[in-house]
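Results of the structural survey
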Amino acid sequence: MSHKWILLGCILIPALACAQQQAHKTTTNHRAYALKLHRQALVFDTHNDVLSELTMKGYDISHRLSVGNTDLVRLQQGGVDAQFFSIWCDGSYGKGQAFAWANREIDSLMAIIHRNPDRIALATSAHQVDSIVAQHKIAALIGVEGGHMIEDRLDYLDSLYKRGMRYMTLTWNNSTDWATSAVDETRNADRLSHKGLTAFGREVVRRMNQLGVIVDLAHVGEQTFYDALAVTSKPVLVSHSSVYALDPVARNLKDDQIKAVARNGGVICVNFYDAFLDPQFSRRLDSLIAAHPRLRDSLQQLYPETMDFQIHFLQALPQAAESIKPPLSLLIDHIDYIVKLVGVDYVGLGADFDGAEAFPRGMNDVTAYPLITEALLKREYSPEDIRKILGGNVMRVLRANDP
Ligand SMILES: [Zn+2]
């Protein structure tokens, strides 16, 4: 090597090292700033299924668990200040069963709260959320996912309100006698005895408005969606749905629906479930399952329920599982889409942790929320707008629904 090259090397190598160091420092600074912003903001997620997925199966979420996506330790790590816990049972719980089950799930949440008075407290108003968060505790709110749990009775609606319910999803995947679901309106339309809200359904919405129970329009069919918006006098919530234009599944919202929620002053909380974000995810998952028939057969025997089976299948093949998941940037695309369509005031977070099989790469549990703040900063969202997305918008809707 000539002296000239040695000299150039002496200049270039330290310069390169310096540039690398600078880039590393910038990333570290960026991450530290994002974390600080995240810790200061009120982070409010509107949909978590841990009660039905873990608590009702006997797990104590007071401790750090090695299963599931959620426990109190991880919620605190993820900087989650307020969480709507979903009360859920499927449509097979009919009259005489569904309301009782909802009460048992609420009992289980209250037991967790009583065991951990220094870490979590029940909130039934925006004011209570603020005061619980100021005490550095998690504000727990109750959302009932499926109108079948009131068993066609307004007194049951009142009773669940008295226990703390502050939103009710008008339907889950199953329709009720008074409201039709997205699944039924799109797949079983010819078998429906009615479509949208009946007269009793409109009465339910009006009673929810009176009490201060937010009308949640996740899971409902389009007819029910527009019928409910025509009746409600308060801003609505869509607790865990994403964007149809980016992933055309019946559970996601079309552009006109997003615009209608914005006109109502409501909020759409984006679902993190891979199949609601990425139109190719289910196909990749099916191919992966088909490529491992022995694992599939043995796990299907152990876990006959689809969600349980898929969770365990993906856990058995961690590297392959990561490779078929979409990146976090796709989740941010869904948020960004809503912001560009109607503005930053109508979007929030409704992850569906413990209610879905797979989430974007690196987003495996409730500790991952700070990554969203970091990604929004990278897309040049202002701290003020990020605070709205993380929880400010949901707080506005909660406040507007207070009686
Ligand atoms: Zn759901």
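Analysis parameters
- Residues numbered from 1 in each chain as written.
- Predicted model: local features only at pLDDT ≥ 70, side-chain atom pairs only at ≥ 80, totals over all residues.
- Helix = DSSP H or I, 4+ residues; strand = E, 2+ residues; numbered from the N terminus.
- Rg over C-alpha atoms; globule rule 2.2 N^0.38 Å.
- Buried ≥ 20, exposed ≤ 12 C-beta atoms within 10 Å, placed from the backbone.
- Contact = placed C-beta atoms within 7 Å.
- Domains from an automatic or database assignment.
- Nonpolar A, V, L, I, M, F, W, Y, C, P; charged D, E, K, R; others polar.
- Pairing = 2+ DSSP bridges.
- Core = buried A, V, L, I, M, F, W, Y, C linked by C-beta atoms within 7 Å.
- Axes fitted to C-alpha atoms, helices over the stretch in contact; angles between N-to-C directions.
- Parallel < 35°, antiparallel > 145°, perpendicular 65-115°, else oblique.
- Left-handed = near helix turned anticlockwise from the far one by under 90°.

A few words now on the overall build of the chain. Secondary structure assignment for the chain yields 18 helices and nine strands. What you see for the chain is a C-alpha radius of gyration of 23 Å, in line with the 22 Å of a compact globule of 403 residues. Dimensions of the chain, computed from C-alpha atoms along their principal axes, come out at roughly 90 × 50 × 45 Å. Classification of the 403 residues of the chain by burial places 44% in the buried group. In the chain, the share of contacts with a sequence separation of at least 24, taken over all contacts with a separation of at least 6, comes to 74%.

Looking now at the environment of Gly 164. Note that Gly 164 resides in the loop between helix H6 (154-163) and strand E5 (165-169). A sequence separation of 179 residues divides Gly 164 from Gly 343, and the C-alpha atoms of the two residues are 31 Å apart. What Gly 164 contacts, discounting residues up to four positions off in sequence, is Ile 106, Leu 122, Thr 124 and Ile 142.

The domain architecture assigned to the chain consists of domain 1 (23-278 + 331-401) and domain 2 (281-325). Relative to domain 2, the C-alpha centre of domain 1 lies at a distance of 27 Å. With seven residues of domain 1 in contact, the opposing surface of domain 2 contributes eight residues. Partitioning the side of domain 1 that touches domain 2 into residue classes produces three nonpolar, no polar and four charged.

Let us look at the pairing of strand E1 (residues 44-48). Consecutive side chains of a regular strand alternate in pointing toward one face of the sheet and then the other. In terms of burial, E1 is largely enclosed, as five of its five residues are buried. Of the strand pairs in this sheet, E1 and strand E2 (residues 82-87) are connected by three bridges, and their pairing is parallel. Considered in E2, the bridge of Phe 44 is made with Ala 82.

In terms of nonpolar packing, the biggest core is built from 105 residues, with Leu 217, Val 238 and Ile 268 touching the most fellow members. Each of domain 1 (23-278 + 331-401) and domain 2 (281-325) gives at least three residues to this core. If sequence neighbours within four positions are ignored, Leu 217 has contacts with Leu 170, Phe 225, Ala 228, Val 236 and Val 238.

Attention now moves to the pairing of E2. For E2, a buried count of six out of six residues is recorded, marking the element as mostly surrounded by other parts of the structure. Residue alternation in E2 divides its side chains into two sets, Ala 82, Phe 84 and Ser 86 and Gln 83, Phe 85 and Ile 87, and both sets are buried.

Below, the discussion takes up the packing of helix H16 (residues 328-342) against helix H17 (residues 369-378). Two numbers describe how H16 lies on H17: the axes approach to 10 Å, and their chain directions differ by 70°. The pairing of H16 with H17 is recorded here as roughly perpendicular in orientation. Here H16 runs over H17; the crossing is right-handed. Within the contact between the two elements, H16 uses Leu 328, Ser 329 and Ile 332 and H17 uses Leu 371, Ala 375 and Leu 376. The residue makeup of the contact of H16 with H17, split by class, is five nonpolar, one polar and no charged.

If you check the backbone angles, Asp 152 has positive phi at about 60° while not being a glycine. Inspection of the secondary structure assignment puts Asp 152 in the loop between strand E4 (138-145) and H6. Among the residues examined, Asp 152 registers 15 C-beta atoms within 10 Å and is labelled partly exposed. Phi is positive for Asp 354, which is not a glycine, with a value near 65°. Within the fold, Asp 354 resides in the loop between strand E9 (347-349) and H17.

The subject of this paragraph is the packing of H6 against helix H8 (residues 199-211). Following both chains from N to C, one finds H6 and H8 inclined at 30°, their axes separated by 11 Å at the closest point. Viewed along their axes, H6 and H8 adopt a mutual orientation that is roughly parallel. Of the two possible hands of crossing, H6 and H8 adopt the one that is right-handed. On the side of H6, the interface is formed by Leu 154, Leu 157, Asp 158 and Tyr 161, while H8 contributes Val 204, Arg 207 and Leu 211. When its residues are assigned to classes, the contact of H6 with H8 shows five nonpolar, no polar and two charged.

By the element assignment, Val 397 lies in helix H18 (residues 383-401). Each C-alpha atom of the pair Val 397 and Gly 265 lies 7.6 Å from the other, and the pair is 132 residues apart in sequence. For Val 397, the contacting residues outside a window of four places in its chain are Ile 214, Pro 235, Leu 237, Gly 266 and Val 267.

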